[in-house]
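Understanding the architecture of this molecule
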2 protein chains.
Amino acid sequence: MTMARRDTYTPDTLLAVAVRVFNERGYDGTSMEHLSKAAGISKSSIYHHVRGKEELLRRAVARALDGLFGILAEPGATGGRAVERLEYVTRRTAEVLMAELPYVTLLLRVHGNTDTERWALARRREFDQQVAELLKQAAAEGDLRADIDVRLATRLLFGMINSIVEWYRPERGSAAPEVSAAVVRMAFAGLRVT
Amino acid sequence: MTMARRDTYTPDTLLAVAVRVFNERGYDGTSMEHLSKAAGISKSSIYHHVRGKEELLRRAVARALDGLFGILAEPGATGGRAVERLEYVTRRTAEVLMAELPYVTLLLRVHGNTDTERWALARRREFDQQVAELLKQAAAEGDLRADIDVRLATRLLFGMINSIVEWYRPERGSAAPEVSAAVVRMAFAGLRVT
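Rules of the game
- Residues numbered from 1 in each chain as written.
- Chains lettered and ligands numbered in written order.
- Predicted model: local features only at pLDDT ≥ 70, side-chain atom pairs only at ≥ 80, totals over all residues.
- Heavy atoms only, no water.
- UniProt positions renumbered as here; feature names shortened; annotations may be inferred.
- Helix = DSSP H or I, 4+ residues; strand = E, 2+ residues; numbered from the N terminus.
- pLDDT = per-residue confidence, 0-100.
- Core = buried A, V, L, I, M, F, W, Y, C linked by side-chain atoms within 4.5 Å.
- Buried < 20%, exposed > 50% of the residue type's maximum accessible area, 1.4 Å probe, protein only.
- Contact = heavy atoms within 4.5 Å.
- Domains from an automatic or database assignment.
- Salt bridge = Lys/Arg side-chain N within 4 Å of Asp/Glu carboxyl O.
- Polar contact = N/O pair within 3.5 Å; in protein donor to acceptor, adjacent residues only side chain to side chain.

Per an unreviewed UniProt entry, the recorded name for chain A is TetR family transcriptional regulator, and the organism is Streptomyces chumphonensis.

Right under this line is the structure:
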């Protein structure tokens, strides 16, 4: 038995606890009871902050999506040749993924069972679509190898970036700048000496 | 209500049904009851074939692992410069993943809650380790770019290959040979014109 703590949560700190529990148990497997236990405050205290677990999910994936879409508005993503913008967006996507690790992890695991999840999936597809568009432009400008299939390359690029959530831990192993640089190097220059 | 079908299963066809259910519900979320319903035969008929669901998991991940370790014994993986062997193993790993899609998908989702799962994780690490070894050799032979971190590159390479399970569907989209060729091209030569 733990004594209920006094509710000293802000919307952000409560969100951080919820995201940790969602990532551990899965969103479907998390009840308000689980959230109340993890936060050490009563369910009614949680309801003081949010309407329910779906609102917490929405805020969490919105934070991840805001981070990702924010990249597309940065100067590095809007000016210059498409291939430069594509490299920039690739590096920044890896960086945002690591900076917002639990939020992006949750976003990548969303299934589509609720309205919020379907909205998150649609927004993710939109982001992927915009990156695919950059790839297409870079190919049209002659900066990508001619034998590249844009659709496949987009999928493999995101496959590589998103896999970072499986093993990246900020407290040990490679630091974020090394990881994002390695992603850009492998995706654009390849492993092999030419 | 469905009438129980007569048990016309072989070990392989029963395994295929079990793997489908494991991938849909998660291994932890699958009961013998679920397997019995999906197969349309009684639980005692299933017990005629196997001791329980963990044996089905073991057979399924063994099939995936046999496919993967088989690659390392093929002539393309054992003769020639390390970089050529590495490219060969990369292509073949993608091919085996697609040919044995449900089995490798299950292998990649294993958590480590049971002895069988821990064994599967250890074998997967062993496979990754052998590929990392090839990368190290290829770097030592001067065939990989000098700025490559072997550990990071191995992770990103498997991240890219393993992400194929998220979207590859044999009945639509890109065909397996295009996908495996795209993986090798992107990983070794990169997207960008040099």
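1. Details of the UniProt feature "domain: HTH tetR-type" (unreviewed entry) in chain A
The feature "domain: HTH tetR-type" (unreviewed entry), as given by UniProt, occupies residues 8-68 of chain A in the numbering adopted here. Across residues 8-68 of chain A, the secondary structure splits into 75% helix and 0% strand, with the terminal C-alpha atoms separated by 30 Å.

2. Focus on the confidence of the model for chain A
Chain-level statistics for chain A give a pLDDT mean of 94 and a share of 97% at 70 or above. Per-element averaging of pLDDT across chain A places helix H3 (residues 43-49) of chain A at the bottom with 93 and helix H6 (residues 82-99) of chain A at the top with 98.

3. Examining the UniProt feature "DNA-binding region" (unreviewed entry) in chain A
Per the UniProt entry, the sites bearing "DNA-binding region" (unreviewed entry) are residues 31-50 of chain A in this numbering. In this annotation, residues 31-50 of chain A is assigned 75% helix and 0% strand; the end-to-end C-alpha distance for the span is 14 Å.

4. Considering the nonpolar core
Counting 136 residues, the largest nonpolar core has Ile164(A) and Ile164(B) as the members making the most contacts within it. Not counting residues up to four positions away in its chain, the partners in contact with Ile164(A) are Ala94(A), Leu97(A), Met98(A), Val179(A), Val183(A) and Leu156(B).

5. So, the domain arrangement of chain A
All names here are of chain A. Along its sequence, chain A is carved into domain 1 (11-50) and domain 2 (60-189). Inter-centroid distance (C-alpha atoms) of domain 1 to domain 2 is 28 Å. Contacts between domain 1 and domain 2 engage seven residues on the former and ten residues on the latter. Remark: the boundary between domain 1 and domain 2 carries zero salt bridges. On inspection of domain 1 and its partner domain 2, the count reaches four residue pairs in polar contact (both at pLDDT 80 or more).

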